[in-house]
Number of protein chains: 2
Amino acid sequence: MEAVLGRVSLVAATGSRSVVVGDSKVKSGTGWFSGGSVVVLPVTAKLQRRERLYRSVAAKLATDNASASTSATMDAAVPRTGGLIEPDGGVLVDLHVPEQEKESKRAEAATLPRIQLAKVDLEWVHTVAEGWASPLTGFMRQSEYLQALHFNCLRLPDGSFVNMSLPIVLSIDDEKKESLAGVTAVTLVGPDGNDVAILRNIEIYKHNKEERIARTWGTTASGLPYVDEAIANAGNWLVGGDLEVLERIKYNDGLDHYRLSPAELRAEFERREADAVFAFQLRNPVHNGHALLMTDTRRRLLDMGYKNPILLLHPLGGYTKADDVPLEWRMKQHDEVLEAGVLDPATTVVAIFPSPMHYAGPTEVQWHAKARINAGADFYIVGRDPAGMGHPTAGRDLYDADHGKMVLSMAPGLERLNILPFRVAAYDKTQSQMAFFDPSRAQDFLFISGTKMRNFAKNNELPPEGFMCPGGWQVLVDYYQGLQKQESA
Amino acid sequence: MEAVLGRVSLVAATGSRSVVVGDSKVKSGTGWFSGGSVVVLPVTAKLQRRERLYRSVAAKLATDNASASTSATMDAAVPRTGGLIEPDGGVLVDLHVPEQEKESKRAEAATLPRIQLAKVDLEWVHTVAEGWASPLTGFMRQSEYLQALHFNCLRLPDGSFVNMSLPIVLSIDDEKKESLAGVTAVTLVGPDGNDVAILRNIEIYKHNKEERIARTWGTTASGLPYVDEAIANAGNWLVGGDLEVLERIKYNDGLDHYRLSPAELRAEFERREADAVFAFQLRNPVHNGHALLMTDTRRRLLDMGYKNPILLLHPLGGYTKADDVPLEWRMKQHDEVLEAGVLDPATTVVAIFPSPMHYAGPTEVQWHAKARINAGADFYIVGRDPAGMGHPTAGRDLYDADHGKMVLSMAPGLERLNILPFRVAAYDKTQSQMAFFDPSRAQDFLFISGTKMRNFAKNNELPPEGFMCPGGWQVLVDYYQGLQKQESA
């Protein structure tokens, strides 16, 4: 299967942007993956350079990384000489109203029917407005919703696909739906009562919650965090349309300066003259195992001839479940990690990804990867059971730990992204530090789960030396101790 | 949305087989569907002809048919001069063992570990062996399973997609899985105890039933017929591999002569010199409303310049739920309809589609359409709520009645197929016959549901004159009367 996956992903690296000439028929009975001779004619020289690069890079890293995602032999690495990876659809979407139109749009907004946004809705307005979901230009209409739900991708006018695995939708109740009969534009009102955006050319369609949940999570078990937060009590209708956002979304929590838009991130990568950008999505504190992985990835990119690979350390900043470490504490912890020099500030950009978390495993990890393409990342590090969690009712993990990585390597619309499967790091007792797990001496390694880590911190015990930088660890201790005080109070 | 759908489907007609040159960027803020100028370079002249045809035909029919699926204006119809539509993957799969190898394969089969097939498993062996699922060459391995489950399509080595919306899988229990450690080939044993096939290069992987059901049906409610029949009590493991089928599957129910393979259907269409083949999937008796739709479709194809459009009347022959009319009675009814001349035998091919029924609505209708491409059909008639049923626990339809048609027009891998949305036919009391529903005089029409029809037959009442040919109606009366005798006995 690894070999097959390799071929699937290899094709992916050239697939949607190429034309195939000559006999590409599948020979009957020889197994459907085995094609005839295939000649790939790149569409443009730039694309040619980029595709050769992707394929060679992916192959090189795959070899180093014992990765399943691309195992074929490839021509030598050719670092990119051009700019950053193109956003999905070719142009980065920006849905903020231009300065000179703000006054008139505000005036118009004051006259339109209003829809009240919940906190998560506002996070989606923020995410879509900045172009993380490019080329999406608003909340999904039914045709986009159905493509996301059934195919995890959207078809562009040129017939190619962009990935889009999560429905990005806005729900309204029956009463609101009635009140909008014949209406074409509405004003979206933030939780604080301010006008946030105009939603234009709206389309209202049924919100079949059961079907949405089943197809997105692969279960309808009660207790899915995002479902409880944003779907269970939502209305029976969805309203799609094009967004015109009046002001940039701010949270005034002292972290807004971390909330860089895809355009700002791209500018920063260009300023640093990055010739490779590798993204690391996380919603947990960074321990030295993560750090090892990130520094090792950079080392290998350098070995391949890249001059200046930049790490995008990209904690998720939207809705997370109650037992995750809150954003502000995670950001403090990440600061300590950089101050301690565990990660090199000169080659690391720390920013907040504004999307809410679904905990939808293989379906959601595609969104996490796709959004980073739009921010300029051409490498994506994927771990074990990405965006996964325990099954809310059955006593097991909700998703197969390998499916996220596999689905990511197959996903339509992610062909241009190099998927870098996570190498398992654990605490090496013989070296008193985090190291890549070596099965040949398994007994030397100690696996420290999130739960184990939490318990250390709660009980103010120190984790093994070398597990996490002391400053970063202290942040967690402070957080969990404070939490216990609250609980006991 | 209709306009958008139109463009989606229109793009579909040229998508996966073309290369796009020039500026195909999506202009920021103009709505993601609006692309720039796009030049399509057909890959081959034959393809060029075919694509022009597809697009023009689809547009023409869409106009006649008030269809949502392709509404743009198009160049004039150009009937195909070449052969039938290509099967998915380019070559029709045939997994039957060649005559000269049968002896050796039988001998080998006798020596291999054995897996017992249930009735539905055998129906899948039959379906896959004849190439309905081309280019699939056996039961799915995990990489194919995951692509079907998450993307409803499989990626080919050339980067293009074929549609594959249902997992076609074989389950085994824990004990069997243990016993197959290290085994590479197994013999599949039919319900009657005969060796049916060798499954080669097997791969065993987890069978997460909940996830499979949720992603396939969009619900996990208990009472889904296929789930109760084939999944609920199935093993916790799936075994994929390449099929080598020892003998053609026969049922010896007097209907095997109707079970034409895709190759046999293609030969028949060629023999009749069909220049268009339109498929009608059904699992119910044919009333005059269906007949009207089929004859009207042929008329319109003739108007467009086709010389000899052939109808494939294609009842599903595999597993169906208990309250559907059994296959043998449906076939009797279809015979009567042809004998009565309601459908013209000269331009109609009646055959049995061997697949089992999932009742999975928008997900399953893609399979129904895809399989017919492999049998040579380039037009597919889709009705209201295809492959749908009532929700097993909630008091509503399981699927939105329009989603099947919409999803079909968007589905990756179905670009080459012309989707013909069903026009609603009802009993016109002013003409005492079935006619296309005219909303401007709704009061003149009588809708006769399947339930209503069943009740007429059960109570030996005649339906309105002109609803169904008398011979066909008598078959239903005989069936339901016999059923009641059984029940009362």
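Residues numbered from 1 in each chain as written. Chains lettered and ligands numbered in written order. Predicted model: local features only at pLDDT ≥ 70, side-chain atom pairs only at ≥ 80, totals over all residues. Heavy atoms only, no water.

Q: Residues and numbers for the overall build of chain A, please.
A: Broken down by element type, chain A carries 15 helices and 17 strands. Sorting the 489 residues of chain A into buried and exposed places 61% on the buried side. Long-range contacts, defined here as pairs at least 24 residues apart, represent 73% of the contacts in chain A between residues at least 6 apart. (Helix = DSSP H or I, 4+ residues; strand = E, 2+ residues; numbered from the N terminus. Buried < 20%, exposed > 50% of the residue type's maximum accessible area, 1.4 Å probe, protein only. Contact = heavy atoms within 4.5 Å.)

Q: Tell me about the packing of helix H13 (residues 403-410) of chain A against helix H5 (residues 142-151) of chain B, residues and numbers included.
A: Two elements in contact, H13 of chain A and H5 of chain B, have axes separated by 10 Å at closest approach and are oriented at 75 degrees. Judged by the inter-axis angle, H13 of chain A sits roughly perpendicular to H5 of chain B. Across from His403, Met406, Val407 and Met410 of chain A in H13 of chain A, the residues of H5 of chain B making contact are Gln142, Ser143, Leu146, Gln147, His150 and Phe151 of chain B. For the contact of H13 of chain A with H5 of chain B, the residue count by class is five nonpolar, five polar and no charged. (Axes fitted to C-alpha atoms, helices over the stretch in contact; angles between N-to-C directions. Parallel < 35°, antiparallel > 145°, perpendicular 65-115°, else oblique. Nonpolar A, V, L, I, M, F, W, Y, C, P; charged D, E, K, R; others polar.)

Q: For the environment of Gly471 of chain A, give the residues involved together with the corresponding values.
A: Position of Gly471 of chain A among the secondary structure elements: in helix H15 (residues 470-488). For the pair formed by Gly471 of chain A and Asp335 of chain A, sequence separation is 136 residues and the distance between their alpha carbons is 9.2 Å.

Q: Help me get a handle on the side chain of Arg372 of chain A, residues and values and all.
A: Residues and elements named next belong to chain A. When you line up the elements, Arg372 lands in helix H12 (residues 361-374). For the buried residue Arg372, which engages in no salt bridge, the nearest side chain bearing the opposite charge is Glu364, 8.6 Å off. When sequence neighbours within four positions are dropped, the list of residues in contact with Arg372 reads Ala279, Gln281, Leu312, His314, Phe353, Ala377 and Tyr380. (Lys, Arg positive; Asp, Glu negative; His and termini not counted. Salt bridge = Lys/Arg side-chain N within 4 Å of Asp/Glu carboxyl O.)

Q: Go over a negative patch on the surface, please, and point to the residues and values.
A: A cluster of acidic residues, Asp173, Asp174, Glu175 and Glu178 of chain A, forms a negative patch on the protein surface. With respect to the secondary-structure elements, Asp173 of chain A resides in the loop between strand S6 (171-172) and helix H6 (174-179). (Patch = residues over 30% accessible without salt bridge, like charges linked within 9 Å, V, L, I, M, F, W, Y side chains within 5 Å. Areas by Shrake-Rupley, 256 points an atom, 1.4 Å probe, with all protein chains shown as cover. Charge placed at Lys NZ, Arg CZ, Asp CG, Glu CD.)

Q: Give a detailed account of helix H7 (residues 209-217) of chain B, specifying residues and quantitative values.
A: Most of H7 of chain B is tucked away: eight of the nine residues are buried. Within H7 of chain B, burial applies to Lys209, Glu211, Arg212, Ile213, Ala214, Arg215, Thr216 and Trp217 of chain B. For H7 of chain B, the elements touching its buried residues are helix H7 (209-217), H12 and H13 of chain A together with H5, helix H8 (225-231) and helix H12 (361-374) of chain B. With a side-chain oxygen positioned 3.3 Å from the backbone nitrogen of Glu210 of chain B, the residue opening H7 of chain B is Asn208 of chain B. Immediately beyond the C-terminal end of H7 of chain B, within one or two residues, lies Gly218 of chain B, with a positive phi of roughly 70 degrees. (Polar contact = N/O pair within 3.5 Å; in protein donor to acceptor, adjacent residues only side chain to side chain.)

Q: Any chance you could break down the domain arrangement of chain A for me, citing the residues and the numbers?
A: Bring the parts together and some accessible area is lost; that lost area is often taken as the interface size. Residue and element names in this part refer to chain A. Partitioning chain A into structural domains gives domain 1 (1-43), domain 2 (99-245) and domain 3 (256-488). Computed over C-alpha atoms, the centres of domain 2 and domain 3 are 29 Å apart. Buried surface at the junction of domain 2 and domain 3, both sides included, amounts to about 2700 Å², of which 66% is carbon and sulfur. Here domain 2 and domain 3 share zero salt bridges between them. Run the count over domain 2 and domain 3 and you get 15 residue pairs in polar contact (both at pLDDT 80 or more). In terms of residue class, the side of domain 2 that touches domain 3 is made up of 16 nonpolar, 11 polar and three charged. (Domains from an automatic or database assignment. Buried area = accessible area lost by both parts, 1.4 Å probe.)

Q: Account for the sheet that holds strand S15 (residues 425-428) of chain A, with residues named and values stated.
A: Residues and elements named next belong to chain A. Strand order in the open sheet formed by three strands is S16-S15-S17, with antiparallel pairing between adjacent strands. With one partner strand each, in any of the chains shown, strand S16 (433-436) and strand S17 (445-446) form the two edges of the open sheet. Sheet analysis places S15 next to S16, joined by four bridges and oriented antiparallel. Across the sheet, Ala425 pairs through a bridge with Phe436, a residue of S16. Contacting S15 and S16, helix H10 (residues 288-303) crosses the sheet at an angle of about 50 degrees to S16. (Pairing = 2+ DSSP bridges.)

Q: I'd love a proper account of the packing of aromatic side chains, names of residues and values included.
A: Counted under the stated rule, the structure contains 25 aromatic pairs over all chains. Residues Phe467 of chain A and Trp473 of chain A carry aromatic rings whose centres are separated by 6.4 Å and whose planes lie at 80 degrees to one another, so their mutual orientation is edge-to-face. Like Phe467 of chain A, the residue Trp473 of chain A is buried in the burial classification. The aromatic ring of Trp237 of chain A is capped on one face by Lys177 of chain A, whose charged end is 4.2 Å from the ring centroid. The ring of Trp329 of chain B has Lys332 of chain B lying over it, and the distance from NZ or CZ to the ring centre is 3.9 Å. (Phe/Tyr/Trp six-rings, centres within 6.5 Å; stacked < 30°, edge-to-face > 60°. Lys NZ or Arg CZ within 6 Å of the ring centre and 35° of its normal.)

Q: Tell me about the UniProt feature "domain: ATP-sulfurylase PUA-like" (unreviewed entry) in chain A, and name the residues and values.
A: According to UniProt, the "domain: ATP-sulfurylase PUA-like" (unreviewed entry) feature falls on residues 85-248 of chain A. Along residues 85-248 of chain A one finds 32% helix and 22% strand; the C-alpha atoms at either end are 25 Å apart. (UniProt positions renumbered as here; feature names shortened; annotations may be inferred.)

Q: Provide a residue-level description of the pairing of strand S7 (residues 186-189) of chain A, including the pertinent values.
A: Residue and element names in this part refer to chain A. Of the two faces of S7, the one holding Val186 and Leu188 and the one holding Thr187 and Val189 are both buried throughout. Looking at chain direction, strand S3 (residues 114-116) and S7 are connected through three bridges and run parallel. Across the sheet, Arg114 pairs through a bridge with Thr187, a residue of S7.

Q: Could you give an account of the pairing of strand S12 (residues 309-315) of chain B, naming the residues involved and the relevant values?
A: Residue and element names in this part refer to chain B. For S12, the buried fraction is high: seven of the seven residues fall into the buried class. Taken together, strand S11 (residues 276-282), helix H10 (residues 288-303) and S12 form a β-α-β motif whose crossover is right-handed. Sheet analysis places S12 next to strand S13 (residues 348-350), joined by three bridges and oriented parallel. Paired with Leu311 across the two strands is Thr348, which belongs to S13. Taken together, S12, helix H11 (residues 327-339) and S13 constitute a β-α-β crossover, and its handedness is right-handed. (Right-handed = clockwise from strand over helix to strand, strands pointing away.)

Q: Could you give an account of unusual backbone geometry, naming the residues involved and the relevant values?
A: Look at the link from Ser134 of chain A to Pro135 of chain A: it is a cis peptide, with omega at 5 degrees. Positioned with a positive phi, Asn152 of chain B is a non-glycine residue whose angle comes to about 55 degrees. In this structure, Asn152 of chain B sits in the loop between H5 and strand S5 (153-155). The exposure class of Asn152 of chain B is buried, given its relative accessible area of 3%. We note that Asp385 of chain B has phi near 50 degrees; this positive angle belongs to a residue other than glycine. Relative accessible area serves as the criterion here: at 13%, Asp385 of chain B is assigned to the buried category.

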